[in-house]
Amino acid sequence: MAKSDNAELVFVPLGGVGEIGMNFALYGYGPADDREWIVVDVGVTFPDPAHPGVDLILPDTRFIEERLANLRGIVITHAHEDHYGALHDIWPKLKVPVWASPFTAGMLEAKRQGEQGAPKIPVTVYRAGEKFTLGPFEIEAIPVAHSIPEPFSLAITTPVGTVIHTGDWKIDLAPAIGPKTDEARFRAYGDKGVLALVCDSTNALREGESPTEQAVGASLKEIISKAEGRVAVTTFSSNVGRIRSIAEAARDAGRQCLLLGRSLKRVVDVAGELGYLDGLPEFIAEEDYGFIPRDNLVVICTGSQGEPLAALAKLSRDEMKSVALTAGDTVIFSSRTIPGNEKAILEVKNRLIDLGMKIIEDGDALVHVSGHPRRSELRQMYEWVRPKIGVPVHGEAAHLVAQGSLMAMSGIGQVAQIRDGDMLRLAPGAATIIDQVPFGRVYKDGRLVGTDEAMGVKDRRKLSFAGHVAVNVVLDEKYELAGDPDLVAIGVAEADAAGETLEELMLDAAIGAVDSIPRQRRKDLDLVQESVRRAVRAAANEAWGKKPLVTVFVTR
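Rules used in this analysis
Residues numbered from 1 in each chain as written. Predicted model: local features only at pLDDT ≥ 70, side-chain atom pairs only at ≥ 80, totals over all residues. Heavy atoms only, no water. Axes fitted to C-alpha atoms, helices over the stretch in contact; angles between N-to-C directions. Helix = DSSP H or I, 4+ residues; strand = E, 2+ residues; numbered from the N terminus. Parallel < 35°, antiparallel > 145°, perpendicular 65-115°, else oblique. Left-handed = near helix turned anticlockwise from the far one by under 90°. Contact = heavy atoms within 4.5 Å. Nonpolar A, V, L, I, M, F, W, Y, C, P; charged D, E, K, R; others polar. Pairing = 2+ DSSP bridges.

Novice: Help me out: how do you make sense of the packing of helix 4 (residues 102-114) against helix 8 (residues 262-273) in this one?
Specialist: Between two packed helices, the angle of one axis relative to the other and the distance separating the axes together describe the packing. One can describe the packing of helix 4 onto helix 8 by two numbers: an axis separation of 10 Å at closest approach and a directional angle of 135°. One element, helix 4, and the other, helix 8, form an angle in the oblique class. Where helix 4 crosses over helix 8, the two elements pack in a sense that is right-handed. Packed against helix 4, whose contacting residues are Phe103, Gly106, Met107, Ala110 and Lys111, the element helix 8 presents Arg266, Val267, Val270 and Ala271 at the interface. Its residues placed into classes, the contact of helix 4 with helix 8 shows six nonpolar, one polar and two charged.

What follows is the structure, encoded as structure tokens:
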């Protein structure tokens with residue numbers, strides 16, 4: 001790789017830096033007016049109540065869409081939704097080669113088959129230790145431990161230096177299915193010299209080291225062996241190592257295992273094809289559930305985050321056709337609570353408790369461990385890699401600042417605190433933010449993808465707060481009202497404190513607004529429309545204290 005005199009290496013996150021999820025990173029190399037680019041990860045984040053009706057939230061990629069001629073490829077580090085979940089929606093805009101592991105490629109194809117209209121994305125498969133070249137970037141896949149099969153850090157080598165992009169990782173000396181984090185390769189790069197470490201910050205606030213997955217498996221085995229009645233375990237569907245540990249614990253306790261949840265079954269199908277579940281007994285079918293004695297069954301199910309349509313939520317409402325839990329059964333939450341999901345999870349737990357279930361969660365026993373490094377593990381990575389520049393990513397502000405402080409205290413000379421949209425020059429010279437680029441969020445809403453405004457999300461929020469009123473005003477040939485306007489209110493209070501119906505109050509306001517306009521000026525139908533709209537909103541606000549959305553139609 002030849003080094004150009006005016007070439008720069010830049011890092012530009014469009015998602016995942018200043019927030020949890022929606023990871024989308026760009027690396028660019030070359031002169032400012034002619035850089036070549038690669039994308040690392042194309043993730044989603046999930047909507048909350050502030051996004052009614054939205055299915056997924058995707059990164060805004062217009063910055064790189066305007067540079068497609070110089071985009072050399074997309075590299076996916078692993079198959080978690082926040083790292084690859086936006087590919088089907090974003091790839092048609094980019095249409096460049098995609099590099100992914102066998103498991104990630106299998107998950108991508110399984111998702112495509114389940115999504116109407118999803119594109120067939122050509123994927124080049126890479127494996128641990130392999131190197132490949134995209135433009136001026138030579139990339140090596142370094143295996144790491146995480147909570148999903150085949151996660152990789154990337155060593156990205158350019159003419160001006162090497163960047164270690166960790167992706168999601170942790171140090172686990174006893175993983176359930178492997179791999180271990182490859183200390184030797186990180187040390188080898190550290191010995192050669194590393195320009196920058198772009199590092200996962202998710203657990204940068206937590207001291208110590210994470211327990212191992214095998215320790216979690218041993219704890220689950222003990223709980224299941226002692227449990228009376230059925231045992232249901234909910235976990236992240238992508239955590240194949242945890243699924244294997246649960247299935248092994250069931251087998252060793254003389255119990256059979258049932259899978260519930262579409263995403264869980266999809267992951268198990270892909271993992272099974274790649275050999276990650278070899279040696280386990282077959283999972284039973286749902287229709288056989290009623291024939292298995294209570295003490296002989298373990299159910300692995302989706303719903304650890306309280307998702308209302310997931311299997312565990314349905315079980316808590318007794319809505320499943322062939323499967324039900326009964327008083328005395330045990331439910332294990334082998335997962336962590338993602339911020340924002342606390343209320344939904346608590347509602348599921350309370351329904352289960354009302355049904356007589358025993359609940360076991362992380363605070364009660366070792367039933368979960370994170371896939372991200374705690375502070376002692378981060379220090380070990382710094383020692384292995386010894387970078388000149390530290391760049392905290394994958395986290396909210398608190399996580400990024402915590403890791404930045406840890407990097408500085410650990411002797412990393414330059415620490416770059418950046419956020420989504422910052423263009424960080426890594427070389428030549430000191431690490432410096434040299435530009436801000438367009439970034440943001442777009443929304444997958446049914447079959448469409450667009451901005452907040454294009455998808456009508458802002459108006460939906462207003463509708464959920466104060467409802468909608470439609471008014472139809474008809475004027476005759478003399479511009480007088482041809483009868484009372486028609487008014488329909490949805491999501492509006494029925495009556496004010498004195499018992500007057502709001503529809504009548506708003507209707508009177510609409511009539512009054514038209515009557516107050518001089519007849520000659522009623523020829524301006526837009527004026528009539530706006531006057532009625534304002535009057536109806538004002539009447540609702542006076543009686544109710546809220547202003548609904550109001551749509552007015554005026555015709556002659």
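After presenting the structure, the write-up continues.
Novice: Help me understand the sheet that holds strand 14 (residues 256-260) in this model?
Specialist: Strand-to-strand pairing in sheets goes through backbone hydrogen bonds, with the strands running parallel or antiparallel. The strand order across the open sheet formed by five strands is 14-15-13-16-17, and the pairing between neighbours is parallel. In this open sheet, the two edge strands, each paired with only one partner strand, are strand 14 and strand 17 (358-360). Each adjacent strand pair in this sheet contributes to an overall mean axis angle of 20°, direction not counted. Alignment of strand 13 (residues 231-234) against strand 15 (residues 297-301), held across four bridges, turns out to be parallel. Residue Thr234 lies in a different strand from strand 15, and its bridge partner there is Cys301. Packed onto the sheet, helix 6 (residues 213-226) meets strand 13, strand 15, strand 16 (330-333) and strand 17 and runs at close to 170° relative to strand 16. Its contacts with the sheet put helix 8 on strand 14 and strand 15, and the angle it makes with strand 14 is roughly 120°.

Novice: Would you mind showing me how to read the sheet that holds strand 25 (residues 486-490) here?
Specialist: Taken in spatial order, the three strands make up an open sheet running 25-24-26, and their pairing is mixed. The open sheet is flanked by strand 25 and strand 26 (549-555), the only strands paired with a single partner. Neighbour-to-neighbour, the strand axes of this sheet turn through a mean angle of 10°, independent of strand direction. Note: strand 24 (residues 468-474) against strand 26, seven bridges, orientation parallel. Along strand 26, the bridge assignment pairs Ala470 with Thr551. Docked against the sheet, helix 14 (residues 502-515) engages strand 24 and strand 25, running at close to 140° with respect to strand 25.

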